[in-house]
Amino acid sequence: MVQVTYPAVSITIRTADDIDRALSRAARAVGRGARLVEWRLDELAEIPGSTNAAVELVARSPAPSIATCRSRAEGGEYDGDDSTREALYERLVLADKPPRYIDIDLAYWKRSETLRKTITAALAHCGDDPKASLMLSTHDFERRPADLLQRVEAMSNEPACSVIKIAWQARSLRDNLEALDLVTDRTKPAVVLCMGEFGLMSRVLAAKSGALLTYASVGAGAETAPGQPTIDDLLGRYRFEKIGPATAVYGVIGWPVAHSLGPVIHNAGFEKIGYDGVYLPMPIPPQFEHFKATVGSLVDHGTLTFRGASVTAPHKENLVRFVAESGGRVGDLARRLGAANTLVIDNAGRIECTNTDAPAILASLCGAMGIAPPQLRDVPIAVLGAGGVARAVIGAVADAGANVVVFNRTRPRADVLAGELRECRDAAGRPFRVSAGDLDSIADGTFRIFVNCTSVGMAGGPAPHASPLPEAVTLDESVIVFDTVYAPARTPLLDQAEAAGARSIGGLDMFLRQAALQFRAWTGRDVPMEAFRESITGRIDADPDPT
Ligand code: NAP
């Protein structure tokens, strides 16, 4: 069954005075590409005598509409009696300009015989053009309901029901796969959505399985269900109208991933080269077991066409372990570093992981210095910080032969990191040269390069206006300062370096380069770096925590 999947905006109406504003918001959304408007009448319907206002609203709707009035028990706001609600639905169905669908909760439909009789009769009497149809829906705002399949069957078997809609709070990304399967296996037009932070995939990929529609909000803060994207993000960032059954799926896997710029740049890259792909945030809790179970399900799913992912903290080590245990190919550098950031799945389902962090870091640093990576051999480098980015930076420069000392506010963390990385070998089998030092003694060293891998200087971070470099360190033109922080583009450390005549390198180039290498690994194509840069213009200084 081939089905056009409509992007719908859902709008809440609280009072009759809201109507003009709601209509203009709906018109704006339709202008941007929304094809249906859901009117949430829960609160309006509680106001005595508001039925005419609801009928007028639906009649003036700038696109075919869905009208619904959900009670508190059904996860909505309506607190009135059933007879008022039933009369509202009946009036709407019999109006000259009825909604395209009325959405009634399955539990309400099953419990009220008068509702069933009234609405079935009204549907039989309403005109043919336009004609209203019944959508039966079921929601669970806490979990996947244990009787989900029975509910689906009940809606499928109800003769008056034209569309079935199911929504539940997802507890992992895997719930999205069941949502897609339920639509694929449908006997009637269907909408199956997962709510909450894990559910975005089911909403954006609704067109992959041929769902009737997906819901979006008219703007941030106007969501009518947890996890709804805005209509701008759905149509712009995720290119909803380009998604179809064959679209390849990619994502950024991490915990957390909500602030990742990955979806912005990779989807812009797909658009730029006309590639049939979509890239989504994919939150997976930290433990390896979660990673293995979730990524395994995504890879094995029959129709998802999951083709790759960017993998970020805390899963870079988990990725290497997962691919090795699954019999996939672990790239040489990823194996030696014990960490990978890129997952690639080919059309035959074979998996591979690689590390694009290290080559990006080397290209960014060496490019700015005008040297080749082997020229980093024996160069003394001070790395500030001992988190995920420090691990990637040290892996890259130590692999090129640099002599690295790690300095961190919390010294034991630097000791652990240095100890772990000393276990690594470069391509010729030589051990990495990494040690930990005391921040108080950093000025005693003779470092040629300082790399900031702490969050100090990051907008919205712990110390946005500070430099991570102790004052005792003297900078001059013989020194290079590389700040991996890229939001803002100009950090206090970069200002300090430039003021002292040192060469300074910002973190954005490194970020874009590792993404460009991933993009090539997935698509076989180079994206113009300018397309990546343009996609985040104005964003990195606005978003305090991009990764
Ligand atoms: P992380 O694992 O959380 O590590 C944070 C590091 O910053 C730790 O070493 C921490 O020290 C240190 N730190 C935090 N607050 C501090 C403070 N007030 N004073 C001194 N040190 C402090 O984070 P990450 O993933 O490594 O990311 C670090 C930074 O890299 C991010 O803030 C981001 O700006 C940047 N980044 C850049 C890229 C890129 O591609 N260019 C990509 C991702 C992130 P403790 O161990 O003492 O807590």
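Data block above holds the structure.
Here's what I pulled together on the structure shown here. (Residues numbered from 1 in each chain as written. Predicted model: local features only at pLDDT ≥ 70, side-chain atom pairs only at ≥ 80, totals over all residues. Heavy atoms only, no water.)

**Re the site of the ligand**
Argument step 1. Around the ligand sit 21 residues, and of these Val-389, Asn-408, Arg-409, Thr-410 and Arg-413 come closest.
Argument step 2. The contact in question runs from an oxygen atom of the ligand to an N or O atom on the backbone of Gly-388, over 3.0 Å.
Argument step 3. At 2.4 Å from an oxygen atom of the ligand is found a side-chain nitrogen or oxygen belonging to Thr-410.
Argument step 4. Those elements that place two or more of their residues in the shell around the ligand are α16 (388-399) and α19 (508-523).
Argument step 5. Grouping the constituent residues of the shell around the ligand by class yields 10 nonpolar, nine polar and two charged. (Near = heavy atom within 4 Å. Polar contact = N/O pair within 3.5 Å; in protein donor to acceptor, adjacent residues only side chain to side chain. Helix = DSSP H or I, 4+ residues; strand = E, 2+ residues; numbered from the N terminus. Nonpolar A, V, L, I, M, F, W, Y, C, P; charged D, E, K, R; others polar.)

**A look at the layout of surface pockets**
Argument step 1. Approximately 650 Å³ is the volume attributed to the second largest pocket.
Argument step 2. Along the walls of the second largest pocket sit 25 residues, with Leu-200, Arg-237, Tyr-238, Ala-258 and Pro-281 positioned nearest its centre.
Argument step 3. Of all the elements in the fold, those that place two or more residues in the lining of the second largest pocket are α10 (231-237), α11 (262-273) and β10 (277-283).
Argument step 4. Grouping the constituent residues of the lining of the second largest pocket by class yields 13 nonpolar, six polar and six charged.
Argument step 5. Of the domains in this structure, domain 1 (6-245) and domain 2 (250-355 + 514-535) are the two that each give at least three residues to the lining of the second largest pocket. (1 Å grid on protein atoms, 1.4 Å probe; cavity = no way out; pocket = protein on both sides within 12 Å on 5 of 7 lines; lining within 4 Å. Points joined across faces, edges and corners; volume = space filled by probe spheres on them. Domains from an automatic or database assignment.)

**Considering the packing of α11 against α19**
Argument step 1. It is at 11 Å that the axes of α11 and α19 come closest, and there the two elements cross at 50°. Regarding the angle of α11 to α19, the classification is oblique. For the element pair α11 and α19, the recorded crossing hand is right-handed. Each of Ile-265, His-266, Gly-269, Phe-270 and Ile-273 in α11 lies in contact with α19, whose residues at this interface are Phe-511, Ala-515, Gln-518, Phe-519, Trp-522 and Thr-523. (Axes fitted to C-alpha atoms, helices over the stretch in contact; angles between N-to-C directions. Parallel < 35°, antiparallel > 145°, perpendicular 65-115°, else oblique. Left-handed = near helix turned anticlockwise from the far one by under 90°. Contact = heavy atoms within 4.5 Å.)

**Side note on the pattern of salt bridges**
Argument step 1. Counting across every chain of the model gives 40 salt bridges.
Argument step 2. Note that Arg-430 is salt-bridged to Asp-426, the shortest N-O span being 2.9 Å.
Argument step 3. Bridged by salt links that share partners, the residues Glu-74, Asp-82, Arg-85 and Arg-111 form one connected network. (Salt bridge = Lys/Arg side-chain N within 4 Å of Asp/Glu carboxyl O.)

Just distances and angles here, no functional claims.
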